Each structure stands twice: as C-alpha cells, then as structure tokens.
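# Chain and residue survey
What follows is each chain in one-letter form.
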Amino acid sequence: MSTAVRHLIVKDLSLMRWWMVGTIGGGLVAAWLMTLSAQPISAGGVLMLCTLIILNIFMVMGGVVTERKEHVTLFLFTFPVSRRQYVAAKVVANAIAFGLPWLVLSLAVVAAIRLSAIPDGYLPLWTSLLGFVFFYYCVLLAVGLNTEANGWHATTITIGNISVNFFIMLLFGVPSVQRFGSGPTAVWAPDILILTVGEMALGVIVLVVGAVTRARRADFI
Amino acid sequence: MTEPVFSLSGVAKRYRYFQLTDLSLRLDPGQVMGLVGPNGAGKSTTLRILMGMVQQDRGDVRVLGQSMPAAEAAVKRDVGYVSDDMRLYGSQTLAWHMRLVSGVHDTWDAAYAEQLVGRFLLHRDQPIRLMSHGERVKATLLLVLARRPRLLVLDEPTTGLDPVARHEVLTELMAVVRDETRSILFSSHNTQDVERICDRIAFLDRGRVIEDSDTAAYLDRWRRVHLDVPPGATVPRADGLIDTVQDGRLVAVTTSAYAPAFEASCAHAGIAVRDVQRMTLEEIFVATVMHHRQERAA
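One structure accompanies this document, and this report is about it. Because the structure is a prediction, the values reported are computed rather than measured.

### Thoughts on the packing of helix α3 (residues 94-104) of chain B against helix α5 (residues 133-145) of chain B
Residue and element names in this part refer to chain B.
- Look at α3 against α5: their axes get within 10 Å of each other, and the N-to-C directions meet at 25°. Put simply, α3 runs roughly parallel to α5. Seen along the crossing, α3 lies across α5 with a hand that is right-handed. Counted together, Leu94, His97, Met98 and Val101 of α3 and Ala139, Leu142 and Leu143 of α5 form the full contact between these two elements.

### What about the packing of aromatic side chains?
- Going through the model one piece at a time under the given rule, you end up with 13 aromatic pairs over all chains.
- Between the aromatic rings of Trp102 of chain A and Phe134 of chain A, the centroid separation amounts to 5.4 Å while the plane-to-plane angle is 40°, which identifies the pairing as tilted. In this pair, Trp102 of chain A sits in helix α4 (residues 83-115) while Phe134 of chain A sits in helix α5 (residues 123-146), placing the two residues 32 residues apart along the sequence.
- For Trp102 of chain A, a relative accessible area of 13% translates into the label buried.
- Note on Phe134 of chain A: relative accessible area 18%, which makes it buried.
- Centroid distance Tyr218 of chain B to Trp222 of chain B: 5.9 Å. Interplanar angle 70°. Geometry classified as edge-to-face.
- Over the face of the ring belonging to Phe77 of chain A we find Lys76 of chain B, whose NZ or CZ atom lies 3.4 Å from the ring centre.

### Side note on the pattern of salt bridges
All names here are of chain A.
- Under the counting rule described, the total for this entry stands at 23 salt bridges over all chains.
- Ionic pairing is found between Lys11 and Glu67, a salt bridge with its closest N-O pair at 3.6 Å. With Lys11 in helix α1 (residues 3-34) and Glu67 in helix α2 (residues 43-69), the pair connects residues that are 56 residues apart, well separated along the chain.
- Judged by its relative accessible area of 4%, Lys11 is buried.
- Assessed through its relative accessible area of 4%, Glu67 is described here as buried.
- The closest approach of N and O atoms between Glu148 and Arg68, which form a salt bridge, is 3.2 Å. With Glu148 in the loop between α5 and α6 (150-172) and Arg68 in helix α2, this pair connects stretches of sequence that are 80 residues apart.
- Judged by relative accessible area, which is 39%, Glu148 ranks as partly exposed.
- Of the residues examined, Arg68 reaches a relative accessible area of 11% and is grouped as buried.
- Via salt bridges that share partners, Lys11, Asp12, Glu67 and Lys90 belong to a single interconnected network.

### Overview of the pairing of strand β7 (residues 151-155) of chain B
All names here are of chain B.
- Of all five residues in β7, five are buried; the element is thus mostly enclosed.
- Side chains Leu151, Val153 and Asp155 project from β7 onto one buried face, and the interleaved Leu152 and Leu154 project onto a second face that is buried too.
- Sheet topology places strand β6 (residues 79-83) next to β7; five bridges connect them, and they run parallel. In the sheet register, Val79 faces β7, and the bridge partner there is Leu151.
- As judged from the five bridges shared by β7 and strand β8 (residues 183-188), these two strands associate in the parallel manner. Residue pairing for β8: Leu151 is matched across the bridge by Ser183.
- With helix α6 (residues 163-176) bridging β7 and the parallel β8, this β-α-β connection has right-handed handedness.

Conventions used here
Residues numbered from 1 in each chain as written. Chains lettered and ligands numbered in written order. Predicted model: local features only at pLDDT ≥ 70, side-chain atom pairs only at ≥ 80, totals over all residues. Heavy atoms only, no water. Axes fitted to C-alpha atoms, helices over the stretch in contact; angles between N-to-C directions. Helix = DSSP H or I, 4+ residues; strand = E, 2+ residues; numbered from the N terminus. Parallel < 35°, antiparallel > 145°, perpendicular 65-115°, else oblique. Left-handed = near helix turned anticlockwise from the far one by under 90°. Contact = heavy atoms within 4.5 Å. Phe/Tyr/Trp six-rings, centres within 6.5 Å; stacked < 30°, edge-to-face > 60°. Buried < 20%, exposed > 50% of the residue type's maximum accessible area, 1.4 Å probe, protein only. Lys NZ or Arg CZ within 6 Å of the ring centre and 35° of its normal. Salt bridge = Lys/Arg side-chain N within 4 Å of Asp/Glu carboxyl O. Pairing = 2+ DSSP bridges. Right-handed = clockwise from strand over helix to strand, strands pointing away.

Written out as structure tokens, the structure reads:
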C-alpha cells in the first residue's frame, strides 16, 4: 500500500471517527433497551436498526458524495494515486468506518439476545437482519461512488429504508424462523443460512462492481 | 532537443456539446505557458487531461516523460494542480491540510510552507470555511507550492481575487519560475496576468489551438494601424490582415504580421498613416477569436 493511499484512508477515518463513536454509543444504548423486552423486535431493536441505517447514510453521503459535490475530490485527486488506488482507498476507509461499528453492534445484539428474555432462537433472524443492513450499505456505497445525482441517492435510501420493513416480514415467514424462532437455542437451518450468506455476498458483489465501474470511468472528475 | 515538461499530440476528446480537436501543445522546462480562451474553449478539459482526471479519446499525452493517464500516480508526485473550483475540507484547518499534504509528499518544504503562511497572511488554525475566497485560494496554492513540484498546472487560479491577492499570488508564481527547472501552465481569462508572467501563449477557442507562440514575439507582431484614406484611394493589403474597420476617411487596420513595409505601401497609395499602435494581449485575444470565428462561419 502506498503512502498516499494510507494517508487517504487515515484521513477518512479521522474525519468519520466521531460518527463511528456516536453510532457505537447509540447502538449500545439500543442493545441495552433490547434486553428490557422479550420480543424479538422491540423499541430497542428498532433503535438499533435506525442507528445502523443512519450510520450507513452518513458514511456514504458525508464521506463520498459530499466530498465529490463540493469539489474536494479535485484536491484529493492531486495526490500521487491512480484512479484505482483512489477508489480502493475510499472503499476501504468507508468500509472500516461502517464495518467496525456494524461488527461491534452485531456482537452487542448477540449479547443482548443471549442475556435477555428474547429467545435465542431469534439469533438467526437478527443475524440475517444485520446482514441486510450490510447489503443496504454496499448498495448505497456503490450508488454513491458512481453518481452525484440527488435523485439516485434519495431513491436508493427510500427503497432501502422501506425494504427493511418488508425484509423483517420476510424473515418471520422463513420456515426455520417460524419453527425455531421462539425456541431456547439458535437453529442455523439451510434456509436462513442461504438467505444471510446470499444477501451479504450479493452486497459485496454490488460494491465491487460499483467500485470497478467508478475506477474505470474515463472522466474521473 | 530538451525533453518537454509535457506534450499533447493530436489529442481529441468528445462530449455531447463540445469537443477538443487535434490538440497539440508542448512546454519546455523553465517556461510559463498561458492558456487563454473564452468560456467553453476547452482550457479546463485540457488541463484535466494533463492531470489524468479526464481521459482523452485519442492522441498522445506525456507529462514529465511519462504517458498519461497510465502513469498518473507517478507523475502527480511532481505536478501540482490548482483550479478555481477546487475546494478543501471546510471543517478542517489549514494546519490539518498541511499535515495531510506533508505526509503524502516527501518533497514538502516545511520552512517554505511557513514562509508562505506569513506572506499570504494566513492563519494556520483557521478552519477553511471561515476563510475568504482569496484566503482559500492562497491556502490551496500554499499546499501545492510547498511541495515544490516541477510542473504547476493552474486552472484560473486568480479568478475572483481582489487586486492585492492577485498580486500576491502572481508574485509567488514569478518567484517559482526563477528556478529554471520548474514550469507553469496557467489558464486564465485575465490576459493581464498571462501577459505579466507567461513567456509562451496558447490561444484556445472551441476546442482548437488557434495560436501557440512565444509571448514577446507574438505581441510584437501585432499592430493596429490608423489610416486617413482619401476618396478613391485603396488601402493596400497588409500581411496577416485580421480586421479592417472604416469610419468615413478613417480606417483601422489590425494585423498579426506587422511590417514597416505596409506604411511605405500606404504612402505610395496616397494614404496617410495617423498612428501605429501596439496592442494589448486582451485586444489581440479578442481580435484573434473573432477572426477565427468569422473564418469558420464563412
């Protein structure tokens, strides 16, 4: 990794550090609230999802889109980096800035379920739900990398936010969740595993395609 | 033959409503080239192609001996770029930006950077969003100049600056080119700035280079000759005739290839030469662009 790429990553993380800290703080409060209910999706759970979705939107809009709209990219692209390196630095920094709080809060959700009256059988449901938030982040980042049109961002965010509701309904309809959700142990049946791994893999593919498309564009600025 | 700092050969770039056509330019070490042209002439696109930000459809672009955009990362170590629409992080201070750039560029000259902070009357700890436009431009230039790049590519850097700030910026640029290994490509609407610091001029109009010359020699070729033409006399054709404007007996002839022989021809035709004026770059710029547009329309 070149010095310039490393500095670009550190710079982005430095600019986003308070969002990361705030999200982890807010998410931990949400995890604590989750422990107060025996319901799989309670006020704490909704707050957890909102916290992660807000982080997602701020990371992409603040760290990628605004930078380009305000022509800061012109300044950054004078650094000795190629298009590919610039895009890679942007994706890595953004993925760390989102991924770290997401990972910490995912562990907090697991802990909240294990330590509360929420049946452990809902662990696969929550894992898949957190996987969907990751997928949503990948899609929004891919869109943010490739367009500065407000319409595309607003559309992606609106569809993403609404989809969370439909995805929760879908999860409650998954046979293994229906069968084992309220049980005392987590059952990782093939249906929920395929769904979870599939959504996360699809997210990674969308992000890679988005990053490659951006890096290959003839007119970078 | 010295290797040019940059060369563009047969470069073309097509957009929906605009195209750069067969663009060829070169700059030798130690030279300052002014890229002059009206809005939409293709100046910014040309500079962005040089910086690897925009990829040409065809043609060869070489900067510091390397092909662009293939070698963009290596080339940008020695090239500094500033444009009037470039912005820094508004929430961060100048000192933060200086730390960032000094970490990336090992050529960063901290002592020179401090000198520039003082000379430009900037405050290291002031957030960029609280700076005036002139201060932001000077801060951006500072971040580039303190890297001591071999080539400076400046896209309208003095746009919107008050006369004092413009003077400060131009003085610093003139100091840069006292080092004969460093070169500047400077685009501007402000022909006074170009006339002051550039030793080469390239005129661009509608995506084409319509002139690329040594500044002093170029300015020296142009004249506006005012004649008193009696009835029945015919004005002899001047070499490099650009424009003729008649108002009664008075005729103003603009030429891009003035020779004293023209005055002798006028005298021979019974025409009195009232005066022969040198032209400013701005007058030449307007005359050149209008002449080429008329030629293309014809």
